[in-house]
Amino acid sequence: MMGNLLEHMGIEKDRVHFSWISSAEATKFVDVVKEISDKVRAIGPNTKFVKDYI
Amino acid sequence: MNTCINKIREIASKLLENGEVEKVIGFANGTIPMATSPVVINSKQDVDKLVFNSTCGLNLANYVRNQKGKVAVIAKGCDSRNIVTHIVENQVKRDQIHIIGVPCTGMINKKKIEALFGDDIIEFTEDGDTLNVKSSTREETLNKKEYLRDNCTLCMHRNPVVYDDLAGDLVQEQTLENPYPDVDRIEAMDADAKWQHFQELTQNCIRCYACRNACPLCYCPTCFVDESGPQWVGKGQNKTDVDTFHFLRAFHCAGRCTDCGACVEACPMDINVRDFTRKLNKDSFEMFGWEAGLDITKRPPLDVYSPGDPNAFIK
Amino acid sequence: MKFITIDKKDWAKGIEKSRETYRLFGPVKEKNGFLIKSLDNDMLPDMEYHDSVLSAKSVLFPQSEKMMTTSLDESRDGHHIMNRADADYSPRAVIGLRPFDAKAIQLVKLNFDTKEYRDPYWCDAYEATTFVGLGINKPGFYDFSTSAGSGPFNEEGLDVLLADMDDTYLAKVLTDKGQAYMDACGFKTQADAKESQALIDVLKKEAQKNIVSRIHTDKLKEKTTLELHEAPFWDDIAFSCINCGTCTYVCPTCWCFDIQDETKQKTTSRFKNWDTCMSPLFTLHTTGHNPRDTKTQRVRQRFMHKLKYFVDKYDQGTMCVGCGRCVKSCPVNIDIREVCNLMNAYEKQE
Ligand code: SF4
Ligand code: SF4
Ligand code: SF4
Ligand code: SF4
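Draft legend 1. The arrangement of the interface of chain C and chain A in detail. Contact residues are listed per partner, giving 8 residues for chain C and 4 residues for chain A. Summing the contributions of chain C and of chain A, the shared interface buries around 480 Å²; its carbon and sulfur component is 52%. Considering only the side of chain C, the residues that lose the most area to chain A are K66(C), E262(C) and K264(C), jointly responsible for 73% of the buried surface there. Joining chain C to chain A, the criterion identifies 1 salt bridge. With its nearest N and O atoms 2.6 Å apart, the salt bridge here joins K51(A) to E262(C). In this structure, the connection of chain C to chain A is made through 2 residue pairs in polar contact (both at pLDDT 80 or more). Elements supplying a minimum of two residues to the side of chain C that touches chain A: strand 11 (257–264) and strand 12 (267–274) of chain C. Per-element tally for the side of chain C that touches chain A: the top contributor is strand 12 of chain C, with 4 residues.

Draft legend 2. Examining the pairing of strand 1 (residues 23–29) of chain B more closely. Residue and element names in this part refer to chain B. For strand 1, the tally of buried residues reaches 6 of 7 residues, placing the bulk of the element in the interior. Sheet topology places strand 1 next to strand 4 (residues 71–75); 3 bridges connect them, and they run parallel. From the neighbouring strand, K23 faces strand 4, where its bridge partner is V71. Sheet analysis places strand 1 next to strand 2 (residues 36–41), joined by 6 bridges and oriented antiparallel. When the bridges of strand 2 are listed, V24 appears paired with I41.

Draft legend 3. Focus on the interface of chain B and chain C. In this complex, chain B contributes 44 residues to the contact, which on the side of chain C involves 36 residues. Taking both partners together, chain B and chain C bury about 3,100 Å²; carbon and sulfur atoms supply 55% of that area. The interface formed by chain B and chain C contains 1 salt bridge. Here K328(C) makes a salt bridge to D120(B), at a shortest N to O gap of 3.2 Å. Put simply, chain B and chain C have 14 residue pairs in polar contact (both at pLDDT 80 or more) between them. The element best represented in the side of chain B that touches chain C is strand 2 of chain B, accounting for 5 residues.

Draft legend 4. Main features of the domain arrangement of chain C. All names here are of chain C. Once the domains are mapped, chain C shows domain 1 (2–61 + 76–209) and domain 2 (225–345). Each of domain 1 and domain 2 has a C-alpha centre, and these two points are 26 Å apart. Counting from both sides, the interface comprises 27 residues of domain 1 and, opposite them, 31 residues of domain 2. In this structure, the connection of domain 1 to domain 2 is made through 3 salt bridges. Across the pair R325 and D101 runs a salt bridge whose closest N-O atoms are separated by 2.9 Å. Connecting domain 1 to domain 2 are 10 residue pairs in polar contact (both at pLDDT 80 or more). Looking at the side of domain 1 that touches domain 2, the elements with two or more residues in it are helix 2 (99–112) and helix 3 (120–128). Among the residues forming the side of domain 1 that touches domain 2, the class breakdown is 15 nonpolar, 6 polar and 6 charged.

Draft legend 5. Representation of the site of ligand 1. Residue and element names in this part refer to chain B. Taken together, 14 residues are adjacent to ligand 1, and C205, C208, Y209, C211 and C267 come closest. At the level of elements, helix 7 (210–213) and helix 8 (239–252) are the ones that each hand at least two residues to the shell around ligand 1. Grouping the constituent residues of the shell around ligand 1 by class yields 12 nonpolar, 1 polar and 1 charged.

The rules behind the values
- Residues numbered from 1 in each chain as written.
- Chains lettered and ligands numbered in written order.
- Predicted model: local features only at pLDDT ≥ 70, side-chain atom pairs only at ≥ 80, totals over all residues.
- Heavy atoms only, no water.
- Contact = heavy atoms within 4.5 Å.
- Buried area = accessible area lost by both parts, 1.4 Å probe.
- Salt bridge = Lys/Arg side-chain N within 4 Å of Asp/Glu carboxyl O.
- Polar contact = N/O pair within 3.5 Å; in protein donor to acceptor, adjacent residues only side chain to side chain.
- Helix = DSSP H or I, 4+ residues; strand = E, 2+ residues; numbered from the N terminus.
- Buried < 20%, exposed > 50% of the residue type's maximum accessible area, 1.4 Å probe, protein only.
- Pairing = 2+ DSSP bridges.
- Domains from an automatic or database assignment.
- Nonpolar A, V, L, I, M, F, W, Y, C, P; charged D, E, K, R; others polar.
- Near = heavy atom within 4 Å.

As structure tokens, this is what we get:
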């Protein structure tokens, strides 16, 4: 639901990922991180919810 | 609703006289038009102070915590649902509270009425569905149904869900083809338009936190925005800090919000913060078949684990 | 005293012209009511406004203001030493200021500009500002300024007072700063002083008649502080309060602020943010002790400060100018007029 609310507020869905990986699941970890980086790279750098003032 | 006040006073006076409760929490007339103010009554002599009308948009469930002894409280449909939430979350005990239920026909949208006039409203009266509003230059007769608050037009629980006394006859519940048209409208936008919508929504927020403080759900002894060791969020007017407050306040209400509208009612800048919570309400309903505050025996969905919980979001 | 007539047809052009030397602030209509804002580019002050939700105090005292800044990069000279942040103190003018807001700024000045201490951020902004007021021909329903030391045509704190005469504005030039602003606009059609004053007096009288609500403040000074402090009514007044602080944020005289440091990577800045006595955090000590821990204490503080401590300390009336904003904006309708009258009339029961 948190992901949905973020998406509702305009944060692209592919930017936020949830996963549960055990310490024994090294390959799953690699796969998930790869998938996430690909997806985030595809949408480009985030400008929303970034504090920029100083 | 005009007649129910006599009934409310009668019940309140009986309860205080018999010593069944120590105080009665209700609404009193305000000092300005279209305003009522939460009040606590300790003695039978004062029951005439109590009033009830379409300007009682705040949520009295917010006033029942930390009271000594048994209290009676006047509850519309949504107030009663927040009382249920309080009971489920151990903020009050069921036997500490005497609920005087008021079947509700909706509360008025004060800002919308104000906007009809260029100048200040100096008099407001109502008679059934007719509102008479006067400013210093003009007088209008309005149909209440057209000037309800957004949450009241979308409300499907006008009758109190728990009560010990009823101050009026139960009313017909509304049936809505689509209870979440406002959420759908935002969902249909693309990511940037959504972002823009929320940026504009909270643009004039002054971080007074009236929305939080008027909400019965926000009873944490120290809110995350007020925490100073560690400090979670900046306290200035930086937009990211403002957005962080809104996002997290709303999320803390997930599965608990009754859409009572007190948050919007209280906001001095007329910001519809329900745009945040309504999405969570819709998701709770669609993912868990859940509406907050209807069942005194069930905890909110994000509070409990059930094997049937939706899992699609996790990899 | 000099008076100038301004034809409304020339108004926009004059205001535009003054931009060459002044940054302008004024009433702007927003989705949720009028606000006093910086008038960017071609925006004109909306002179038809009734009341602004927030006061004009933000022109000198923004809700968040960067005070100082420093670098945490130890390879740099002067790292970790806070320096005043850059800010624009070039001339600015607030157009259409309500007379009670101008008076309020004078009250705030008592606090920010004293013999011992001078808040440079506020004072520099104050000095840079020309206050062009607009008399209120038709005071709103919430206005009780006449009994709070101000009034619809009060001149205190203004450099120019404008009176709306339908087709023209009549400008009463009160100070050199005011004259300089009129010059910058190119407004120079002089009007007869005696006649003009008479015209303004008529408007003023008419306007004052419109103000029906009032506060009584005559006995506040002679009351004993502790007796008022211990008065039995505070719990009742405070019951409905949700401690949101709206009343203090909308108030033109509430001057309290909090100081916060914020760091991003190697830069730290120190900010001044509005704060409110209604918030428990306002008085929370680092030990965890809070001397003003209950709602009643906080509500009492707000009223005691405005209507008693301030009165005693400065002898300049109450710290309320009667704008009525808090009365209108309080979500639970706590009304300072009632509280003030209660305090003024209070006699301790033996
Ligand atoms: S009540 Fe309105 S102005 Fe105050 S914090 Fe909430 S949204 Fe912002
Ligand atoms: S978030 Fe707003 S609508 Fe929801 S329960 Fe709280 S006050 Fe009511
Ligand atoms: S605006 Fe009203 S409710 Fe909010 S802190 Fe002030 S008195 Fe209390
Ligand atoms: S206390 Fe209220 S009425 Fe008085 S100056 Fe402040 S906001 Fe205006």
